[in-house]
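Secondary and tertiary structure notes
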Amino acid sequence: MEAQLAREAIAAALADAGLAPPPRGIDLRPIPFEGSWGVASSVCHAIAGDLVQRELEASGELQQLSKKEAKQRASEAARKRAQELAEAIATKVKSTNGFARVEAVNGYVNLYFDANAVASRLIGEVIKLGPDFGKGAPKTERVMVEHSQPNTHKVFHVGHLRNSCLGIAVSNILAAAGYPVLQATYPGDIGMHVIKCLWCYERFHKGQEPADPSLRGRWLGQIYSESDARLEYRKDVLSFLHLLSKEDQGFVAGIDRLLKYLWRKNEQGEVVEGEDIAYLLGRITHGQEIKEDQLRRDDVIVKFWPIVGDYLRDAALNPKPHVPAEGEPEPTMTPEERYARWQELNEHIEWWPEVPRWREEVRETFQRWERQEPEFVKLWQETREWSLADFRRIFDELGAHFDVWFFESEVEEEGKKIVAELLEKGIAEISDGLPVVKIDEKLGLKQETYRTLPILRSDGTSLYSTKDLALTKRKFEEFGIDRAIWVVDVRQSLYFQQIFKILELWGFEQAKKSYHLGYEIVRLPEGVISSRKGNVPIYDDVRDMVLARAREIIEEKNPDLPPETKERVARQVGLGSLKFAMLARDNNKVVVFDVEEALSFDGFAAPYIQYAHARACRILEHAGITPGQAIAHDDQQPALDFGEVLAPEELSLLQHIAILPDEVQRAAEYYRPLQIVNYVYELARRFNDFYHACPVLQSPEPTRTARLALVDATRIVLANSLALLGIAAPEEM
RNA sequence: GCGCCUGUAGCUCAGGGGAUAGAGCGUUGGGUUGCGGACCCAAAGGCCGCAGGUUCGAAUCCUGCCAGGCGUACCA
């Protein structure tokens, strides 16, 4: 509102001075000096630059100078001219308009507000709108945000947590910006992971499920991990040997001695083929990968393994100082870690010969699914429900509310029909027996960009892409979505570009506006990470730790709260911190999840903001007013009066409150919750500054009323911003 | 090879054309006969990866290079 006035005033002054506004229009920004409130424009810089350049060229005095000197001359002249222009414009604006003060500083035209008047209007608006302050005008474009795609039969870990937190926040922000938003979840309830899990369950754990139903989902996740460990066992062993061959010179130096030992055993009557030994020797000496199918006998590695262990135990007990060799990377594991890893693998060395048979069994299990064998389908339904019950609990805890639940199992058949249609239309083709879309070719691109995407396995079973094509079609046709957004790991960005292009080729205009919101992984800090893959913290464990720590801190800081309040606050603070940690880093940056840091609750963290909110509530309570009501401020009441001069802390807080609506629009435009995270943290900081510098309750009237109203407005804006992030705003803590 | 992402304080990160580049953690030293000390103040700490270019003005935009990460036809 004030900005509009300022822009018009400057435009009028420019016209009056016979100057044309610059092509980019009249820019406005907040005045960056402490203790002032208003807007600044750099129009004079832009105009002066042009004028000076033209004049200097016309005069020809630049010709003898070097390019660098000429630039410097022009730059200096432009700065001087900008200030002259700004002074002229400032004088004109002053004589025609009602700003408190108009000045020319450093070539900028600065228009200072009448702080009391603008503060009154702003605070009145915040209090009147309450939870709606910050929201944008309703828009018609229908948006669907698909997020939270955990796999059933697997555990929900902190990576999924980041996805859900992002999805929730982005949905909230888009809704606040004015879009009609549908939130969708898409659990992976079928696929190879399910088959592997159920194979392992039937083969090794049937009838062992925990009695407590609430533990079944997690138990099932452990079964999946076990299946993975069993089926990948050979790869794990071989990649460990590969690592040794690259990083442990002692191992490589001694390899022929170690293998000779194996050979000698052979002479004692055990049968080991010399070819395998020669192969191992060659591969390890040259630091090359050992290929499982190049080994002739199943027992070579099994027999070799104890000898490797002997060597590693010795190396761990008598560590030799590491001499870094030229051009060699630092070793990723210490001798102790290597031996520990060996022991870990050694525990299951009897798995080695079993692996091929297991793989065959998994293939057979997959066929049972493809045939829809009733008994197997029943098992699937039952176990799937164990996981889904877990997901519902977690989503509830995180405050995720889904308008739609899609399931991969629902779109499998539909996807296969679509593949047939795409083949028929000539968009897809069969290449080497595999249905694919050669995207670059279809788009007529010469340079490889989108490459080729398979859309069905050659055996006719469905891929992720098969299902995604079907699902997206449903989003557009059944749900009338104009813009679809996917919150999915950034590693899949090429895949999504491919899907979008295929949808475009297929004729869906909406695909052009669709967007893959990629985010980086959640990792453990260096040193904590174990070589065991998939070792990401489990959500439930992290949640329990954070809640326990929150309870501890509340007990320490505020022992007099009633027990049920303590518990409620612990959840608000604990879960709030967790969510904050997930959102407080840009999407394309890896979150290094340090449990200690997540538990500290200090500094740039949710409790800092929540604490500011609780403080604001407490001040209002002391004043004997119900938040948001008693100070209800409207046009009929007299304007707030902060006094002749507002404190810098008051101004700083007011200015920040004023920009929430813009921040929401910006956050929505770039799908960036971080925008709001930064905003609300800064708001809390400014409120704390204000709190320490400006007494509220002890102040004389009319300042007291004005400051109370400011506290109430701050309280509302803190709560609204936290709500966008899905973080609770406790009234006490 | 090609493509995408990242490089800012000791560490973790904000800032994405505009006036003096900011936070948190860590280090050092302070603050409560104040509305909640989960707070605040101060000090120290920067060739904003390198080199060009565009601009009145570049950490920010463009080009090239260097370094790291990730993708790249039957995993999801």
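Look up a bit, the structure's there.
Cut-offs applied
Residues numbered from 1 in each chain as written. Chains lettered and ligands numbered in written order. Predicted model: local features only at pLDDT ≥ 70, side-chain atom pairs only at ≥ 80, totals over all residues. Heavy atoms only, no water. Helix = DSSP H or I, 4+ residues; strand = E, 2+ residues; numbered from the N terminus. Buried < 20%, exposed > 50% of the residue type's maximum accessible area, 1.4 Å probe, protein only. Areas by Shrake-Rupley, 256 points an atom, 1.4 Å probe, with all protein chains shown as cover. Near = heavy atom within 4 Å. Polar contact = N/O pair within 3.5 Å; in protein donor to acceptor, adjacent residues only side chain to side chain. Nonpolar A, V, L, I, M, F, W, Y, C, P; charged D, E, K, R; others polar. Pairing = 2+ DSSP bridges. Axes fitted to C-alpha atoms, helices over the stretch in contact; angles between N-to-C directions. Contact = heavy atoms within 4.5 Å. Salt bridge = Lys/Arg side-chain N within 4 Å of Asp/Glu carboxyl O. Expected span 1.5 Å × (residues − 1). Arc of directions from axis to C-beta. Parallel < 35°, antiparallel > 145°, perpendicular 65-115°, else oblique. Left-handed = near helix turned anticlockwise from the far one by under 90°.

**Describing the overall build of chain A**
- A tally of helices and strands in chain A yields 27 helices and 14 strands.
- Projecting the C-alpha coordinates of chain A onto the three principal axes gives extents of approximately 110 × 80 × 65 Å.
- Here chain A holds 733 residues, and the buried ones make up 49% of them.
- Surface exposure of chain A reaches about 35,500 Å², of which carbon and sulfur atoms provide 50%.

**Remarks on the protein's contact with RNA strand B**
- The full set close to RNA strand B counts 65 residues, and Arg451, Lys589, Tyr608, Tyr611 and Arg672 are the nearest of them.
- Restricting the count to atoms of RNA strand B within 4 Å of the protein gives a sugar and phosphate share of 58%.
- A distance of 2.3 Å is found between a phosphate oxygen of RNA strand B and a side-chain nitrogen or oxygen belonging to Tyr608.
- When residues in the surface near RNA strand B are grouped by element, the largest group, seven residues, is from helix 23 (residues 606-622).
- Here the residues of the surface near RNA strand B are counted per class, giving 28 nonpolar, 19 polar and 18 charged.

**Some thoughts on the sheet that holds strand 10 (residues 452-454)**
- Strand order in this open sheet of three strands is 8-9-10, and the pairing throughout is antiparallel. Only two strands of the sheet have a single neighbouring strand rather than two, namely strand 8 (429-431) and strand 10. For this sheet, the mean angle separating the axes of adjacent strands, direction not counted, is 50°.
- Direction of pairing for strand 8 relative to strand 9 (residues 434-438): antiparallel, over a ladder of three bridges. Residue pairing for strand 9: Glu429 is matched across the bridge by Val436.
- Sitting on the sheet, helix 19 (residues 493-506) is in contact with strand 9 and strand 10, with an inclination near 90° to strand 10.

**Topic: the pattern of salt bridges**
- Inspection of the entire model under this criterion finds 62 salt bridges.
- Ionic pairing is found between Arg230 and Glu226, a salt bridge with its closest N-O pair at 2.8 Å. Here the residue Arg230 and the residue Glu226 both occupy positions in helix 7 (residues 216-231), the gap between them amounting to four residues, near one helical turn.

**Overview of helix 11 (residues 274-285)**
- Compared with an ideal rise of 1.5 Å per residue, which puts 12 residues at 16 Å, helix 11 spans 16 Å between its outermost C-alpha atoms and is within 8% of the ideal.
- Those residues of helix 11 that fall on the buried side of the exposure criterion are Asp276, Ile277, Tyr279, Leu280 and Ile284. In a view along the axis of helix 11, the buried residues occupy a sector of 160°, so they form one face of it.
- The first or second residue beyond helix 11 is Gly287, which carries a positive phi of 65°.

**Comments concerning the pairing of strand 4 (residues 108-112)**
- For strand 4, the tally of buried residues reaches four of five residues, placing the bulk of the element in the interior.
- Looking at chain direction, strand 2 (residues 38-41) and strand 4 are connected through four bridges and run antiparallel. Bridged to Ala40 within strand 4 is Asn110.
- In this structure, strand 3 (residues 101-105) lies alongside strand 4, joined through five bridges in antiparallel fashion. In the strand pairing of strand 4, Val102 is matched with Leu111.
- What sits between strand 3 and strand 4 in their antiparallel hairpin is a turn of two residues, with Asn106 showing a positive phi close to 55°.

**Some points on helix 4 (residues 115-129)**
- Over its 15 residues, helix 4 extends 21 Å from the first C-alpha to the last, a length consistent with the 21 Å expected when each residue adds 1.5 Å.
- Residues of helix 4 that are buried sit in contact with helix 1 (2-16), helix 24 (648-658) and helix 27 (703-725).
- Following helix 4 by one or two positions, Gly130 has its phi on the positive side, about 55°.

**Section: the packing of helix 14 (residues 355-370) against helix 15 (residues 374-398)**
- Contact pair helix 14 / helix 15: the axes reach a minimum separation of 8 Å and the direction vectors enclose 95°. Overall, the two elements helix 14 and helix 15 adopt an arrangement that is roughly perpendicular. Residues Thr365, Arg368 and Trp369 of helix 14 form the contact with helix 15, whose participating residues are Phe376, Val377 and Trp380.
- Its residues assigned to classes, the contact of helix 14 with helix 15 shows four nonpolar, one polar and one charged.

**Quick look at the packing of helix 24 against helix 27**
- Remark: helix 24 packs on helix 27, axes separated minimally by 11 Å, with the N-to-C direction vectors making an angle of 40°. Overall, the two elements helix 24 and helix 27 adopt an arrangement that is oblique. In terms of crossing hand, the pair formed by helix 24 and helix 27 is left-handed. For the pair helix 24 and helix 27, contact is made by Glu650, Leu653, Leu654 and Ile657 and by Arg707, Leu710, Ala713, Thr714 and Val717, respectively.
- Per-class residue counts for the contact of helix 24 with helix 27 are six nonpolar, one polar and two charged.

**Observations regarding the environment of Val181**
- As for its placement among the helices and strands, Val181 is situated in strand 6 (residues 181-185).
- Spatially, the C-alpha atoms of Val181 and Ala17 are 49 Å apart, while their sequence positions differ by 164 residues.
- When near neighbours in sequence (up to four residues on either side) are disregarded, Val181 contacts Val143, Val145, Ser171, Leu174, Ala175 and Asp403.

**Comments concerning the environment of Glu370**
- Tracing the chain through its elements places Glu370 in helix 14.
- As a C-alpha pair, Glu370 and Gly480 span 110 residues in sequence and 32 Å in three-dimensional space.
- Contact partners of Glu370, with chain neighbours within four places excluded, come to Lys416 and Thr461.

**Concerning the sheet that holds strand 7 (residues 404-405)**
- Ordered in space as 7-6-5-11-12, the five strands form an open sheet in which the pairing is parallel. The two strands at the open ends of the sheet, each matched to only one other strand, are strand 7 and strand 12 (515-519).
- Bridge analysis of strand 11 (residues 483-489) against strand 12 gives five bridges, and the strand direction is parallel. Paired with Val488 across the bridge in strand 12 is Gly518.

**Re the side chain of Arg234**
- As for its position among the elements, Arg234 is in helix 8 (residues 233-247).
- On the basis of relative accessible area, Arg234 is assigned to the buried category, the value being 5%.
- At 3.0 Å, the side chain of Arg234 and the backbone oxygen of Trp352 are in polar contact.
- Apart from residues no more than four positions distant in its own chain, Arg234 is found in contact with Glu292, Asp298, Trp352, Pro353, Val355, Pro356 and Arg359.

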